[in-house]
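The primary structure of each chain is shown beneath.
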Amino acid sequence: MRELRFSPRRGVAVGDYAGLTRRAFLKTSAVAAGGLMLELSLPGAVRSASAQGAAAVPVVPSAFVHIAPDDTVTIQVNRLDFGQGVQTALPMLVAEELDCDWAKVRGELAPAADVYKDPMFGIQMTGGSGSIAHSWLQYRRIGATARAMLVAAAAQQWKVPAAQLRTEGGVVLGPNGQRATYGSLAARAQALPVPADVALKDPSAFRLLGKPTGRLDARAKSTGVPMYGMDFKLPNLKVAVVARPPVFGAKVKRFDAKAARAVKGVRDVLEIPDDRGGTAVAVIADGYWQAKTGRDALNATWDTSGVAHVDTTEQLAKFKELAKTPGIVAIDADVSGLKGAPKTLVAEYSFPYLAHAPMEPLNCTVQLSGGGAEVWTGTQFQTVDQAAIARTLDLKPEQVKLHTLMAGGGFGRRAVPTSDYGVEAAQVAKAWRAAGHREPVKVIWSREDDIHGGYYRPMYVHRAEIGLDAGGKVLAWNHTIVGQSILQGTPFEKMMVKNGIDGTSVEGVSGTPYAVPLRLTLHSPQVNVPVLWWRSVGNTHTAFVMETLIDELATNAGQDPVAYRYGLLGDKHPRHREALALAVERSGYGKTRLAQGQAWGVAVHESFDSVVAYVVVAEMREGVPRLVSVTAGVHCNFAVNPLTVAAQVEGAALMGLGTTLPGAAITMKDGEVEQSNFHQYIVARLTDMPAISVHIVGSGDAPTGMGEPGLPPLAPAYANAVFALTGKRVRALPFDLAKA
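The written sequence of each chain sets the order in which its residues are numbered from 1. Given that the model is predicted, a residue must reach a pLDDT of at least 70 before its local features are reported, and side-chain atom pairs must reach 80 or more before they are shown or counted; all residues, however, enter totals for whole chains, interfaces and linings. Calculated side-chain values reflect all of the structure's heavy atoms, with hydrogen atoms and water omitted.

Caption draft 1: Fine view of the overall build of the protein chain. If you tally the helices and strands in the protein chain, you get 17 helices and 34 strands. Counting only C-alpha atoms and orienting by the principal axes, one finds that the protein chain spans roughly 85 × 70 × 45 Å. Relative to its 740 residues, the protein chain shows a buried fraction of 60%. For the protein chain, long-range pairs separated by at least 24 residues make up 76% of all intrachain contacts whose partners lie at least 6 apart in sequence. Only carbon and sulfur atoms are counted for the fraction: they give 52% of the accessible area of the protein chain, which is about 28600 Å². Numbering of helices and strands runs from the N terminus, with a helix taken as a DSSP run of H or I at least four residues long and a strand as a DSSP run of E at least two residues long. A 1.4 Å probe rolled over the protein chains alone gives each residue an accessible area, and that area as a share of the maximum for its type sets the label: buried under 20%, exposed over 50%, partly exposed in between. Two residues form a contact once any of their heavy atoms are found within 4.5 Å. Residue-level accessible areas treat just the shown protein chains as cover; the underlying method is Shrake-Rupley with a 1.4 Å probe.

Caption draft 2: Spatial organisation of the nonpolar core. Think of a nonpolar core as a cluster: buried Ala, Val, Leu, Ile, Met, Phe, Trp, Tyr and Cys residues, connected wherever their side-chain atoms sit within 4.5 Å. In terms of nonpolar packing, the biggest core is built from 77 residues, with I466, W477, F544, L549, L553, Y614 and V634 touching the most fellow members. Among residues more than four places away in sequence, those in contact with L553 are L345, I466, L468, V474, W477 and Y564. Core analysis: the second largest hydrophobic core is formed by 48 residues, V86, C100, A154 and A180 among them.

Caption draft 3: Summary view of the packing of aromatic side chains. Centres within 6.5 Å are what make two rings of Phe, Tyr or Trp a pair, Trp counting through its six-membered ring; a difference in plane orientation under 30 degrees is then read as stacked, over 60 as edge-to-face, and the rest as tilted. Across all of its chains, the model carries 12 aromatic pairs by this definition. Relative to W533, the ring of F381 lies with its centre 6.1 Å away and its plane at 70 degrees, an arrangement referred to as edge-to-face. Of this pair, F381 sits in the loop between β21 (372–377) and α8 (382–392) while W533 sits in the loop between β28 (518–523) and α13 (539–557), placing them 152 residues apart in sequence. On the basis of relative accessible area, F381 is assigned to the buried category, the value being 1%. Taking relative accessible area as the criterion, W533 reaches 13% and is therefore assigned buried.

Caption draft 4: Structural detail: the pairing of strand β15 (residues 266–273). Examined bridge by bridge, β15 and strand β16 (residues 279–285) share seven bridges and lie antiparallel to one another. In the strand pairing of β16, V266 is matched with A285. At least two bridges found by DSSP between two strands are what make those strands a pair. With antiparallel pairing between neighbouring strands as the criterion, β15 and β16 make up a hairpin whose turn holds five residues, including G277 at a positive phi of roughly 90 degrees.

Caption draft 5: Focus on the pattern of salt bridges. The salt bridge definition used is simple: a Lys or Arg side-chain nitrogen within 4 Å of an Asp or Glu carboxyl oxygen. In the structure shown here, the tally under the stated rule is 32 salt bridges. We note a salt bridge from R207 to D99, for which the minimum N-O separation is 3.8 Å. With R207 in the loop between α3 (182–190) and α4 (218–222) and D99 in the loop between α1 (86–98) and β9 (105–109), this residue pair connects regions lying 108 residues apart in the sequence. Between D449 and R295 there is a salt bridge, with the nearest N and O atoms lying 3.1 Å from each other. Remark: R295 occurs in helix α6 (residues 288–296) and D449 occurs in helix α10 (residues 447–452); sequence separation between them is 154 residues. The two residues D449 and R295 agree in class, both being buried. The structure contains a network of salt bridges with shared partners spanning E96, D99, K201 and R207.

Caption draft 6: Expanded view of the sheet that holds strand β12 (residues 179–181). One open sheet holds the three strands; their spatial order is β10-β11-β12, and the pairing between them is antiparallel. A single partner strand is all that each edge strand has here, and the edge strands are β10 (166–168) and β12. Ignoring strand direction, the axes of neighbouring strands in this sheet form an average angle of 25 degrees. Axis lines are fitted to C-alpha atoms, over the contacting stretch for helices. Their N-to-C directions set the angle, which ranges from 0 to 180 degrees. Where helix α2 (residues 131–158) meets the sheet, its contacts fall on β10, β11 (171–173) and β12, and the angle it forms with β11 comes to roughly 50 degrees.

Caption draft 7: Representation of the sheet that holds β16 in the model. A sheet is described by the order of its strands in space; here seven strands give the open sequence β15-β16-β13-β23-β20-β21-β22, paired in mixed fashion. Each having just a single partner strand, β15 and β22 (400–404) make up the two edges of the open sheet. Across the sheet, the axes of successive neighbouring strands diverge by a mean angle of 25 degrees, strand direction being ignored. As paired elements, strand β20 (residues 363–369) and β21 share five bridges and run antiparallel to each other. Within β21, the residue paired with L368 across the bridge is A373.

Caption draft 8: A look at α1. If you check α1, its first and last C-alpha atoms are 18 Å apart, about what 13 residues at 1.5 Å a residue would give, namely 18 Å. For α1, a buried count of 13 out of 13 residues is recorded, marking the element as mostly surrounded by other parts of the structure. To estimate the expected span of a helix, subtract one from its residue number and multiply by 1.5 Å.

Caption draft 9: Geometry of α6. Buried residues of α6: A291, G294 and R295, and no others. Looking straight down α6, one finds its buried side chains confined to an arc of 100 degrees; they lie on one side. α6 presents W289 and D296 as exposed residues on the side facing more than 90 degrees away from its buried surface. Where α6 is buried, its residues meet β13 (238–243), α5 (257–261), β15, β16 and α10. As used here, the arc is the angular range of directions from the helix axis to the C-beta atoms.

Caption draft 10: Representation of the side chain of N478 within the structure. Among the structural elements, N478 can be located in strand β25 (residues 474–483). Setting aside chain neighbours within four positions, we find N478 in contact with V335, L338, R463, A464, E465 and R519.

Caption draft 11: Local environment of the environment of L580. Take L580: it is sitting in helix α15 (residues 574–587). When the C-alpha atoms of L580 and R565 are compared, they prove to be 9.3 Å apart, with 15 residues separating the residues in sequence. Not counting chain neighbours up to four residues away, the residues in contact with L580 comprise V562, R565, Y566, V602, V604 and A613.

Caption draft 12: Region of interest: the packing of helix α14 (residues 561–569) against α15. The contact between α14 and α15 brings their axes to 11 Å, and the two run at 165 degrees. Viewed along their axes, α14 and α15 adopt a mutual orientation that is roughly antiparallel. At the point where α14 passes α15, the crossing takes the left-handed sense. Facing α14, whose interface residues are V562, R565, Y566 and L569, α15 presents H576, R577, L580, A581 and V584. When an angle is under 35 degrees it counts as roughly parallel; over 145 it counts as roughly antiparallel; between 65 and 115 it counts as roughly perpendicular; any other value is oblique. For any helix crossing, the convention is left-handed if the near helix is rotated counterclockwise from the far helix by under a right angle, and right-handed if that rotation is clockwise.

Caption draft 13: Region of the structure containing the environment of P226. Looking at where P226 falls in the secondary structure, it is placed in the loop between α4 and β13. For P226, a relative accessible area of 13% gives the class buried. Between the C-alpha atom of P226 and that of M406, which follows or precedes it by 180 residues, the distance is 7.2 Å. Apart from the residues lying within four places of it in its own chain, the contact partners of P226 are A220, K221, D231 and M406.

What follows is the structure in structure tokens.
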């Protein structure tokens, strides 16, 4: 097992990689002014590099490379970068095969267009930890094709066979000392035929990929240069804030438009529909503060009749009762062993609604014109949002020019099937235009709007009944999950809901690597609360249940929790074993004596085709648990940029830790959300961050996802350490030891 290691204290070492897959490609066309612009399309049905052996998925992805006369290479990134670093990692794939000077590479976020669709999903989007996994071959082939065209241009210019030429650092070198920069060859190259096939580098020749590489935008971000949606401005831009119903789906009954218009700077007050069947009121002004002050003056009242008023305390009780009954069968197995088992373990778990709460709240700018609309926003769903905004404005998608802006976080909230915040901005712009105005409008959500705004990670309840023999061996495992479906009623339902089972609700249990006789059923009740994926989706709750139960079973069997996991994993899950072994080795688990009052905790979980194992150390301080250190073992196959992988694991670990903190829950009473800002909805902060080191298993296989897999195993590893310290099993998030 080769390892690629990362630690803030120890730096990085890169292991050997070999055996990377290659596949033929492609169809291209070239256009440019003053340089080489390369567009690549992959027509027909193809397979994602991360889905080898799966059913073919028809996609048409594209990317563009522009090489300017000054040798600057600008690479269009077909995703949203909202902190995960794809504006560096995707250009790395192109630059490696292009063999250019990395110091002259730039990454730009591409606008919405069919040519930028994800090769796997068939829409332009960022999610599912698929940016690198899905574009691994796509972007490398783009670079290799551009390089081949530049070499052909030099061969033509020097009248020598292309086979006698080589490239290095953005320069083509000839057999007789000839030398030509890519910038000087770009114009000639663009006029040449595009090769039908190209060879990719052998991994042994990689100079950039697999090496720790600083982000292209690091300096710009450190100096406030990047244009986020919140920063974006246009001449004569107006700002709108929206008064939304306090209960989802309610309608405005009355409001004082006169009082709002009396606020200096307020230009109009307009009623608009919302995406939940209700109505809202937009206040448009010269700036945010004027618009917010105008909204405060509305004194709106709401008609909440006819919509359910959710009370989360009552809902949790109902979910727990429902969990005692069988749901729709997701996995069938013989659980007759429960009857007469020498020992039975019954465990009930609960998880609250969670808000995404990105650091940059939602925002969207819309400019209408006679022939269409122009939109600027940070979106994870360019294709979906473009189409939804077009429908709202009675336009065709191609009449909506959507610009992708950098976003300050999202965690799924900027990928909404209803395109709620984009459609809302379009509704405001449409009403604004109908009222006779022509200026562009930016809709800005406050932090309170964002936390009240819906589309939460659903509430879930799990109930497991496990029959054990006298030695602690599992005889039968009956498992029921209760929680809203995030896919029902969305365009993804037909594709991702099978036989009534929302796969995102059961993932992490349904695909458990542990050899146990498991029967799994699901209830998906409908509730008047908008729900959505949240970083790592169903794994946010399923990993906690599975990894704390496995730990409890190890205790019942009188075995070490690591050894017990190895036994249940067997030989069929080598990546789990390697990730866990690496975390164990690097942490010193079982070898290092901890300080008095400290204890180990272990968990390992696979999500988005990557495996992350954590070995943590926790302690109690004045009756409150504290996470001291985290050692991560990661198996994500080939790590394109180890620094990015480490950053993703560190960030995900902190976010996972946040789910354990008291106050990390969205609650509702009489249909209204009770939290408003970070003083009530708790998120993890820098002061909560433990010491963390990340270690990556070396692999030559195509990369798997890393944006989300670091989150799920953190909370259960921590909970397992808390049990070792207190003897209390934590069965709910956030932690509440008084109820454990």
